Amino acid sequence: MNPPVPDSSAQDQPIYVTQPQLAPLAEFIPYLEQIWENKILTNGGPFHQQFEQALCDYLGVEHLSLFANGTLGLVTALQALRITGEVITTPYSFVATAHSLLWNGIKPVFVDIEPQTLNLDPAKIESAITPQTTAILPVHCYGQACDVAAIQKIADNYNLKVIYDAAHAFGVPADGGSLLSHGDLSVLSFHATKTFNTFEGGAIVCPDAKTKQRIDHLKNFGFVDEVTVVAAGINGKMSEVNAAFGLLQLKHIDAALARRREIAALYCRLLADVRGIRCLPACDSERSNHTYFPILVGPEFPIGRDALFQKFRDRNIFVRRYFHPLISDFPMYRGLQSAQAGNLPVARNASARVLCLPIFPGLKDEDVLRIAAIITEC
Ligand code: T4K
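Residues numbered from 1 in each chain as written. Predicted model: local features only at pLDDT ≥ 70, side-chain atom pairs only at ≥ 80, totals over all residues. Heavy atoms only, no water.

Here we look at the sheet that holds strand 14 (residues 354–357)
Then, in step 1: Read from one edge to the other, the open sheet built from three strands follows the order 11-12-14, with strand pairing classed as antiparallel. Of all strands in the sheet, those with a lone pairing partner are strand 11 (277–279) and strand 14, marking the two edges. Strand-to-strand, the axes of this sheet are offset by a mean angle of 30°, without reference to chain direction.
Then, in step 2: Examined bridge by bridge, strand 12 (residues 293–297) and strand 14 share four bridges and lie antiparallel to one another. Bridging across to strand 14, P294 finds its partner in C356.
Then, in step 3: Along the sheet face, helix 8 (residues 253–271) touches strand 11, strand 12 and strand 14 and points at about 20° away from the line of strand 12. (Pairing = 2+ DSSP bridges. Helix = DSSP H or I, 4+ residues; strand = E, 2+ residues; numbered from the N terminus. Axes fitted to C-alpha atoms, helices over the stretch in contact; angles between N-to-C directions. Contact = heavy atoms within 4.5 Å.)

A short note on the site of the ligand
Then, in step 1: Not every one of the 26 residues close to the ligand is listed here, only the nearest: T71, D165, S189, R320 and Y322.
Then, in step 2: Within the side chain of H168, an N or O atom sits 2.8 Å from an oxygen atom of the ligand.
Then, in step 3: The fraction of the free accessible surface of the ligand (920 Å²) that becomes covered by protein chains is 85%.
Then, in step 4: Taking a 2 Å distance to the grid points as the criterion, the majority of the atoms of the ligand fall inside the largest pocket.
Then, in step 5: For the shell around the ligand, the secondary-structure elements that each account for two or more residues are helix 3 (70–80) and helix 4 (96–103).
Then, in step 6: In terms of residue class, the shell around the ligand is built from 11 nonpolar, 12 polar and three charged. (Near = heavy atom within 4 Å. Polar contact = N/O pair within 3.5 Å; in protein donor to acceptor, adjacent residues only side chain to side chain. Areas by Shrake-Rupley, 256 points an atom, 1.4 Å probe, with all protein chains shown as cover. 1 Å grid on protein atoms, 1.4 Å probe; cavity = no way out; pocket = protein on both sides within 12 Å on 5 of 7 lines; lining within 4 Å. Sits in = over half its atoms within 2 Å of the grid points. Nonpolar A, V, L, I, M, F, W, Y, C, P; charged D, E, K, R; others polar.)

Some remarks on the domain arrangement of the protein chain
Accessible area lost when the parts come together is the quantity often used to give the size of an interface.
Then, in step 1: The domain architecture assigned to the protein chain consists of domain 1 (8–21 + 253–376) and domain 2 (25–250).
Then, in step 2: For domain 1 versus domain 2, the distance between C-alpha centres works out to 25 Å.
Then, in step 3: The partner domain 2 presents 43 residues to the 40 residues of domain 1 that form the contact.
Then, in step 4: Our count for the contact surface shared by domain 1 and domain 2 stands at 16 residue pairs in polar contact (both at pLDDT 80 or more).
Then, in step 5: Within the residue set of the side of domain 1 that touches domain 2, elements represented by two or more residues are helix 8, helix 9 (281–284), strand 12, helix 11 (345–353) and strand 14. (Domains from an automatic or database assignment.)

Regarding the packing of helix 8 against helix 12 (residues 365–376)
Then, in step 1: At a minimum axis separation of 10 Å, helix 8 and helix 12 run at an interaxial angle of 30°. By the angle between their directions, the pair helix 8 and helix 12 is classed as roughly parallel. The way helix 8 lies across helix 12 gives a crossing that is right-handed. For the pair helix 8 and helix 12, the contacting residues are R259, I263, L266, Y267, L270 and L271 in the first and D365, V368, L369, I371, A372, I375 and T376 in the second.
Then, in step 2: For the contact of helix 8 with helix 12, the class distribution of residues is 10 nonpolar, one polar and two charged. (Parallel < 35°, antiparallel > 145°, perpendicular 65-115°, else oblique. Left-handed = near helix turned anticlockwise from the far one by under 90°.)

Let's talk about empty space enclosed by the protein
Leftover empty space is mapped by rolling, across the atoms, a probe with the size of a water molecule.
Then, in step 1: As enumerated under the stated definition, the model contains one cavity of 30 Å³ or more in all.
Then, in step 2: Reported here for the largest cavity is a volume of approximately 70 Å³.
Then, in step 3: V17, T18, T193, T291, Y292, Y322, L357 and I359 together form the lining of the largest cavity. (Points joined across faces, edges and corners; volume = space filled by probe spheres on them.)

This is how it looks when you write it as structure tokens:
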């Protein structure tokens with residue numbers, strides 16, 4: 001979607017829900033010079049290899065495979081585990097989560113979310129399992145960890161695979177190892193709007209070298225060597241420019257995460273006592289990367305969510321309703337039995353109340369004060 005054109009009559013500069021974190025341009029020039037020197041632009045070049053290793057070290061995981069974007073990562077993760085039939089997933093996410101299933105000819109089965117975290121509710125998964133179910137595709141929504149232990153227990157009982165859509169979960173702190181090591185695979189996004197970006201990009205975190213090798217083949221048309229193709233793979237490779245940029249971005253990520261934490265803490269302080277506004281646990285938690293700052297606008301708030309959304313737009317502040325509409329309401333999904341209105345009450349309620357406030361390292365404290373004041377003055 002193109003960024004909305006700001007109202008030129010408004011006095012305030014536009015503030016978008018996010019703005020990409022960019023390492024200084026001057027620091028990137030030597031990387032570009034090296035690429036020009038190497039003349040290797042893609043297909044697993046030296047920056048690609050260095051970036052994969054540097055990311056493994058940073059994220060505390062053993063193996064990962066870089067991708068051109070997170071959506072291709074999701075599509076390929078499902079192929080790598082040979083998932084078929086039906087997959088249980090959340091309606092409360094970006095549409096790419098469920099689209100990755102359709103791209104593989106798999107039927108999504110939507111299960112409702114849990115009201116505190118807005119993640120897939122483990123208590124509701126079992127009743128949606130059928131003989132066709134082969135996997136669960138949960139999302140660590142807003143970077144808030146799913147109940148990974150409860151999900152794994154169900155998966156073990158029913159012999160299901162678990163693929164986490166971890167598009168929001170870069171650098172989420174976790175006890176005893178990385179959050180990204182849970183389940184069979186986890187898929188990250190490095191899109192411009194994410195906490196950590198490589199312009200476009202993504203990765204699959206894999207448990208072992210053999211799985212990584214299969215994924216590496218699948219993202220390169222299924223080629224194993226010059227004359228052997230083992231699967232109908234796709235072109236999902238990350239280019240050298242994106243990989244080199246990622247390598248540089250890693251040097252700045254800790255400062256970016258720290259600034260996000262400060263902004264989230266300031267919002268939390270300013271909004272703590274506002275009747276009818278609920279900040280989600282992901283907002284102030286020590287276990288968040290603060291990719292988003294979602295609030296829920298309750299019935300006790302003097303105006304409705306959409307009126308508040310408009311109030312922001314009138315002031316050139318482009319808050320977003322992530323995730324409204326629910327995925328299950330889009331035309332390619334709404335005919336499914338699991339998409340029927342009565343089936344997903346918690347997700348529907350959250351989708352009608354949520355607003356994501358601007359949060360990004362370049363956001364100034366005075367902007368946060370101004371944004372919070374628009375809410376409190378209601
Ligand atoms: N799974 C989940 C759970 C996801 O959230 C996503 C992506 C995926 C999978 C798929 O991963 P990728 O294939 O994308 O790697 C955005 C992003 O395009 C999308 O990546 C993201 N989720 C989703 C939640 O948000 P839009 O349509 O809201 O983006 P857009 O262009 O309206 O951008 C939002 C604001 O950000 C703009 O108003 C201004 C600012 N912006 C945006 C871009 C692209 C910039 O300042 N610079 C930029 O370059 O979807």
